[in-house]
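A closer look at the structure
Each chain is listed here by its residues.
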Number of protein chains: 4
Amino acid sequence: MFVLVNLKAYPCDPVAVAEAAASVETEKADVAIAPQAAHISDVAETGVETWAQHVSPVEHGSHTGSTLAEAVVDAGAEGTLLNHSENRLKLADIDGSLDAADRTGLGTCLCANNPDQIAAAAALGPDSVAVEPPELIGTGTPVSKADPDIVRDAVEAAEEVDPSVDVYCGAGISTGEDVVAAQELGADGVLLASGVAKADDPAAALEDLVEPL
Amino acid sequence: MFVLVNLKAYPCDPVAVAEAAASVETEKADVAIAPQAAHISDVAETGVETWAQHVSPVEHGSHTGSTLAEAVVDAGAEGTLLNHSENRLKLADIDGSLDAADRTGLGTCLCANNPDQIAAAAALGPDSVAVEPPELIGTGTPVSKADPDIVRDAVEAAEEVDPSVDVYCGAGISTGEDVVAAQELGADGVLLASGVAKADDPAAALEDLVEPL
Amino acid sequence: MFVLVNLKAYPCDPVAVAEAAASVETEKADVAIAPQAAHISDVAETGVETWAQHVSPVEHGSHTGSTLAEAVVDAGAEGTLLNHSENRLKLADIDGSLDAADRTGLGTCLCANNPDQIAAAAALGPDSVAVEPPELIGTGTPVSKADPDIVRDAVEAAEEVDPSVDVYCGAGISTGEDVVAAQELGADGVLLASGVAKADDPAAALEDLVEPL
Amino acid sequence: MFVLVNLKAYPCDPVAVAEAAASVETEKADVAIAPQAAHISDVAETGVETWAQHVSPVEHGSHTGSTLAEAVVDAGAEGTLLNHSENRLKLADIDGSLDAADRTGLGTCLCANNPDQIAAAAALGPDSVAVEPPELIGTGTPVSKADPDIVRDAVEAAEEVDPSVDVYCGAGISTGEDVVAAQELGADGVLLASGVAKADDPAAALEDLVEPL
């Protein structure tokens, strides 16, 4: 399982969370951290797999305030989230940001709300898609209890369009039991945020998450 | 063939163009007009099939400045463009606008730039998609000369995802020859704009367009 | 006092509300209605002063899905809201939309959140500004009880920048008492929405609003 | 004079430009560098004054893909551009981003197109405003030849609203002569981009710029 910890704009110490992630010893999960762009180089220096939270659909040029794929790669990023529910993008810009990621070798996880959007997302050729059922975002409700079908349907929708696209569960994950439930529903990974980023002991929180795998 | 004349924000008389369109007598083409939202009721009163240029991804509620699907239907619209290259939408909002169109019975034509985006668009379940090769928009270059493969590939991409979705050619159409070329490349319709909207004699321009069919 | 009833995307009959507004007989208030763009011509035909909810910062041209100032004027609009809290605009686009309104003779009411933004708004040269304290929007809390200073400060901020700009109270108005309170705080008008648009008897609701003036 | 070199998304080596800027020895100008967010920490380590190209109007929280003011400060930024012509912001978001900068001690330079917008910008309380006449952006035309009045009018407009706000010339600067012209028109600083960022010898380019002061 791939476990991506999204630090959002949380008031956490990104290096401390990164060190906790780097210390997790398991062969059953790959843990990565997605900090603010300005924190990527510090996080990457810990040795943990580092992701951007977003890259802009631009090439080198006059794009003040953009997040250039080349710049996040320079800083140490290996992948990027795109179209997160807190950062929805235009369809044409998703296509452009995927091009930017391809150009620079960044892995991509393209987020979407529901199985129809997952099929559309998969058709654009990302490495992975993440289904974020809006009714689960930030609620703490585990996906296995709220609406397991949405994950199953997302896995099926992506599979039909392009079987090489991985599917992650992008909401409703706070415990190891939730990670196992996501895996049993067919997900290849999970996106997490506050459960780890805001934990008093991020290393312990991560151990608990991957332990039941 | 479906022939949709998009009046954009052109300085034309929308009712005169609508009457011209209503007067075209052919069994080989259905002509529709997409005026500004504020002109829909006047255009619809001519009897021509009337489309909106956009509807917002909202339901009834507190959405000042939106273009509510129910309002354009009230005014006489039967269909709507979505995600036109001059009005690109977020993926989640395209999904919401398609829901609004379904809810109110509007036909939908979802625009996109290239075959990959056409596949993504088709996966969202619109009635039709329109491929708008950016290199043809507003150039007057006929699609049959510039890049015929992009139309062929768009038709194929949509077909693979959902064979019930029609495919229109959304740029590079100014003459009857271009309409025929689009048809031969597999398109079920065309989007036009200035060629008719800015013509001195819109009726003659439309006759010329559908005559070779 | 100017009383602008914003119909937003509410499920009301815009013509019925317009007729109710047209029937209000008072010399103490001017009542205007801001419907969906597609409803402007029907509303204007009742004889009531009709406003757009928004106009785009564009001139005639290739702007699919825009709300062209010329089109809403054609349909009968005499003024337009801009930058409503449900339709926030870029600073440069506010400037462009004000230009569009000037070009076509539309009156303008530019909305903003707080006294600082009201000063900025007034500097752009609209006919009027409306202060919409976010904490009052849609709450039913009367402005006179919640935070009277924000209206007083807005009036003062606009006055300092440009005394010719009218100031409206854009939230927290549901009763005639609220209208009087706004007037006493220095406002030249009020923006209303659900209190009239969703009333069983819009004419009675409007009578109640202007009666205490 | 304040000389801010905006690296945009240019294919330059940000550390090399920063070192060049740090090496400029003059008491007549303060030179700062605005790199991509992901490059801020590397640039700041050179000792040069470092600026962000943008910060988001958010506080700590669930804001994936934002540019959090606290994060750019952590990385070493001392100021931020806002509302650059390549990154236009909503009026309410400008206000929010200024709040974020105040909260974290970042200096602010708020860009705008013309004297009216400069007055509006100054009313929001930034440390400085930059006038970017659209007709000069990226043209290489020196401001002193193209339209000197726009700088003079911007200085006057800001002065009237708030004399404590500095005014920078945000376009049309490529030579030391242009910097002197801007200063003579009343500007307190200049924004530059390609002239330095793309120079073969950035240190020499900067020396040439500040030499005539």
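As a reminder, the structure under discussion sits directly above these lines.
Presented here is an overview of the structure given in this document.

Cut-offs and rules
Residues numbered from 1 in each chain as written. Chains lettered and ligands numbered in written order. Predicted model: local features only at pLDDT ≥ 70, side-chain atom pairs only at ≥ 80, totals over all residues. Heavy atoms only, no water. Helix = DSSP H or I, 4+ residues; strand = E, 2+ residues; numbered from the N terminus. Rg over C-alpha atoms; globule rule 2.2 N^0.38 Å. Contact = heavy atoms within 4.5 Å. Areas by Shrake-Rupley, 256 points an atom, 1.4 Å probe, with all protein chains shown as cover. Lys, Arg positive; Asp, Glu negative; His and termini not counted. Charge placed at Lys NZ, Arg CZ, Asp CG, Glu CD. Buried < 20%, exposed > 50% of the residue type's maximum accessible area, 1.4 Å probe, protein only. Arc of directions from axis to C-beta. Polar contact = N/O pair within 3.5 Å; in protein donor to acceptor, adjacent residues only side chain to side chain. Least-squares fit on C-alpha atoms with pLDDT ≥ 70 in both. Buried area = accessible area lost by both parts, 1.4 Å probe. Salt bridge = Lys/Arg side-chain N within 4 Å of Asp/Glu carboxyl O. Nonpolar A, V, L, I, M, F, W, Y, C, P; charged D, E, K, R; others polar. Pairing = 2+ DSSP bridges. Axes fitted to C-alpha atoms, helices over the stretch in contact; angles between N-to-C directions.

What follows deals with the overall build of chain A. The helix and strand tally for chain A stands at ten helices and eight strands. Taken over the C-alpha trace, chain A has a radius of gyration of 16 Å; the compact-globule value for 213 residues is 17 Å, and the two agree within 12%. Dimensions of chain A, computed from the C-alpha atoms along their principal axes, are close to 45 × 40 × 30 Å. Excluding contacts between residues fewer than 6 apart, the proportion of contacts in chain A whose partners are at least 24 apart in sequence is 67%. Counting only carbon and sulfur atoms, one obtains 41% of the accessible surface of chain A, whose full area is about 7,600 Å². Separation of charge centres in chain A, based on 8 positive and 38 negative side chains, amounts to 7 Å.

What follows concerns helix α1 (residues 14-23) of chain B. All names here are of chain B. Buried within α1 are the following residues: Pro14, Val17, Ala18, Ala20 and Ala21. Down the axis of α1, the buried set is contained in an arc of 160°. They therefore lie on one face. Its buried side turned inward, α1 meets β2 (30-34), α2 (40-44), α9 (194-197) and α10 (202-210). At the N-terminal boundary of α1, the capping side chain belongs to Asp13, with an oxygen 3.0 Å from the backbone nitrogen of Val15.

The next thing to look at is the relation of the copies chain C and chain B. Take chain C, turn it by 180°, move it 0.0 Å along the axis, and it overlays chain B with an RMSD of 0.0 Å. Taken together, the rotation and translation describe the operation of a two-fold axis. Within chain C, the C-alpha atom positioned nearest to the axis of rotation is that of Ala38 of chain C, 2.3 Å from it. Of all interface residues in chain C, 100% are interface residues in chain B too; the two copies therefore contact each other through one and the same surface.

Now for unusual backbone geometry. A positive phi angle, close to 65°, is found at Asn83 of chain A, a residue other than glycine. Its location among the elements puts Asn83 of chain A in the loop between β4 (79-82) and α4 (91-104). Owing to a relative accessible area of 1%, Asn83 of chain A belongs among the buried residues under this scheme. Phi at Lys8 of chain D is positive, roughly 45°, even though this residue is not glycine. Here Lys8 of chain D lies in the loop between β1 (2-6) and α1 (14-23). For Lys8 of chain D, a relative accessible area of 8% puts it in the buried group.

Take the interface of chain C and chain B next. Interface size is often expressed as the accessible area that is lost when the parts come together. Counting residues at the interface gives 30 residues for chain C and 30 residues for chain B. Carbon and sulfur atoms supply 52% of the area buried between chain C and chain B, which totals about 2,300 Å² over both sides. Linking chain C with chain B are zero salt bridges. Where chain C touches chain B, the interface holds 21 residue pairs in polar contact (both at pLDDT 80 or more). Counting residues per element, the side of chain C that touches chain B draws most heavily on helix α3 (residues 69-74) of chain C, at three residues. Class assignment for the residues of the side of chain C that touches chain B results in ten nonpolar, 16 polar and four charged.

This part takes up the sheet that holds strand β7 (residues 166-169) of chain D. Residue and element names in this part refer to chain D. Here we have eight strands rolled up into a closed barrel, ordered β1-β2-β3-β4-β5-β6-β7-β8, and parallel in their pairing. For this sheet, the mean inter-axis angle between neighbouring strands, taken without regard to orientation, is 30°. Sitting on the sheet, helix α5 (residues 115-123) is in contact with β5 (107-112) and β6 (128-131), with an inclination near 165° to β6.

Further remarks concern the relation of the copies chain D and chain A. Note that the two copies of the chain are related through a rotation about an axis and a translation along the same axis. Mapping chain D onto chain A is achieved by rotating through 180° and translating by 0.0 Å along the same axis, at an RMSD of 0.0 Å. Both copies share a contact surface, since 100% of the interface residues of chain D are interface residues in chain A too.

A few words on the arrangement of the chains. No part of chain A reaches chain C; the closest C-alpha pair between them is 15 Å apart. As for chain D relative to chain B, no contact occurs, and the smallest C-alpha gap between them is 15 Å.

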